[in-house]
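# Observations on the three-dimensional arrangement
Below, each chain spelled out in residue letters.
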Amino acid sequence: MIIRTAVRRRAAATAATACALAVALTACSGTTKNSAEKDTAQTGTAAKADPNAPLKKGLKLAFLPKQINNPYEKIVDEAGIAAAKEYGATGKEVGPSDASASSQVSYINTLIQQRQDAILIAANDPNAVCGPLKQAMKKNIKVVAYDSDTAKDCRQLFINQASSEEIGRSLVQHLGEQIGFTGKIAILSATQNATNQNTWIEFMKDELKLPRYKNMTLVKVAYGDDADQKSFQQTQGLLQAYPDLKGIISPTTVGIAAAARYLGDSSYKGKVVLNGLGTPNQMRKYVKDGTVEQFSLWNPEELGYLGSYAAAALASGQITGAEGEKFKAGKLGEYTIGKDGEIILGEPTVFDKRNIDTFDF
């Protein structure tokens, strides 16, 4: 089943949401000379949007996830590839088996040689991929970041699953309520260089500065590198180092599942609260057996679907990536590009025993 969070009101609210909740927390404005100059620098031509242009047939799109065996990103990419068929394009997924900073570079170079029309990338490192992505844009290959952003001058668009601020703050708020706003907590992240993880963590730390969290202490940020076994071992290490730990936030689907697996078979089950970002199918058994009370996520299928249509709109000349431009994303409706080329999918959903069985992804 596909989550329909705020779909009906997106057409009217996307621009306001993208601006009001964007990481930079700055106000919206119309297309400016600076945005036009940015577009010229990124594409190598003074491109002009034609919102009435049809989506081109036969476009070639390539999805480059953080790692090819990540189950969450597999859902995103497969949905994007399926969406491409709707408008007469072809898509494929390629990528490394590890999530190291430079592991995606060789794949970008190959995609350039193949003359793909668009590369969609979930960056392992915001800067390590910039050189080849800039080369791609010089050759008029459109670049769309999704899930985890690159540096802003290395792509035309960033498809953000939800407001980064909302994700970071809400995870702390949920955990705080669960532990009575008292005790030691830890964060189990993915890689140290992951753009999305680090942005969310900064908002978590900022939220923890508020007076209501005066009795909560963040003792450590651990990194499981989005690898199941390492995330499992990091969870074990956190509890050995801090046996009085009250809660763990894991804003990564690999990490939260590995942490739940460890807690579920340990004496800490029911004593240490685990919250974070996960998919219903991977977390269902842990919610039902009491290991996890709740967790959050957006619909990864919709994230891939939106990314696919955004890339096609770029490659077809409907948009250039400038702030204020609009395009239609199939069944999801109309979206407006926000500051720095950011497009926000929508609000995250909280999953618990009451609703988890109504979702299948």
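These remarks concern the structure in this document. (Residues numbered from 1 in each chain as written. Predicted model: local features only at pLDDT ≥ 70, side-chain atom pairs only at ≥ 80, totals over all residues. Heavy atoms only, no water.)

### What about the pairing of strand β2 (residues 90-93)?
Pairing of strand β1 (residues 60-64) with β2 involves four bridges; the strand directions are parallel. In the strand pairing of β2, Ala62 is matched with Lys92. On the question of chirality, the crossover connecting β1 to the parallel β2 by way of helix α3 (residues 71-86) is right-handed. (Pairing = 2+ DSSP bridges. Helix = DSSP H or I, 4+ residues; strand = E, 2+ residues; numbered from the N terminus. Right-handed = clockwise from strand over helix to strand, strands pointing away.)

### Thoughts on α3
Because each turn of an α-helix spans 3.6 residues, side chains separated by three or four positions in sequence point in the same direction. A rise of 1.5 Å per residue sets the reference length of α3, with its 16 residues, at 22 Å; its end C-alpha atoms lie 23 Å apart and thus fit the reference within 8%. Those residues of α3 not exposed but buried are Tyr72, Glu73, Ile75, Val76, Asp77, Ala79, Gly80, Ile81, Ala83 and Ala84. Buried residues belonging to α3 abut β1, β2, β4 (142-146), α9 (253-264), β10 (295-297) and α11 (300-315). The backbone nitrogen of Tyr72 lies 3.0 Å from a side-chain oxygen of the residue at the head of α3, namely Asn70. One or two steps after α3, the chain reaches Gly88, where phi turns positive at roughly 80°. (Expected span 1.5 Å × (residues − 1). Buried < 20%, exposed > 50% of the residue type's maximum accessible area, 1.4 Å probe, protein only. Contact = heavy atoms within 4.5 Å. Polar contact = N/O pair within 3.5 Å; in protein donor to acceptor, adjacent residues only side chain to side chain.)

### Observations regarding the packing of aromatic side chains
Following the criterion strictly, the structure yields 11 aromatic pairs and no others. On the numbers, 5.6 Å between centres and 55° between planes, the contact of Phe181 with Tyr213 is tilted. Highlighted residues: Phe181 in the loop between α6 (164-178) and β6 (183-189) and Tyr213 in the loop between α7 (195-207) and β7 (216-223), separated in sequence by 32 residues. Seen from their ring centres, Phe327 and Tyr335 are 6.4 Å apart, and the 25° between their planes marks the pair as stacked. (Phe/Tyr/Trp six-rings, centres within 6.5 Å; stacked < 30°, edge-to-face > 60°.)

### Comments concerning the pairing of β1
Of all five residues that make up β1, four are buried, and the element is covered over most of its length. Across four bridges, the pairing between β1 and strand β3 (residues 118-121) is parallel. The residue bridging Leu64 from the neighbouring strand is Ile121, located in β3.

### Some remarks on the pattern of salt bridges
Opposite charge on two side chains lets them pair, provided their charged atoms get close. Under the definition given, this model contains 13 salt bridges. As a salt-bridge pair, Lys230 and Asp225 come within 2.6 Å of each other at their nearest N and O atoms. Among the ionic contacts, a cluster of salt bridges with common partners joins Glu165, Arg169, Asp206 and Glu207. (Salt bridge = Lys/Arg side-chain N within 4 Å of Asp/Glu carboxyl O.)

### Some words on the environment of Asp50
Note that Asp50 resides in the loop between α2 (33-43) and β1. Asp50 gets classed as partly exposed once you look at its relative accessible area, which sits at 39%. Residues Asp50 and Gln318 lie 268 residues apart in sequence; the distance between their C-alpha atoms is 4.7 Å. Contacts of Asp50, omitting those with residues within four sequence positions, involve Gly317 and Gln318.

Interpretation note: all reported values are geometric properties and have no functional meaning in isolation.
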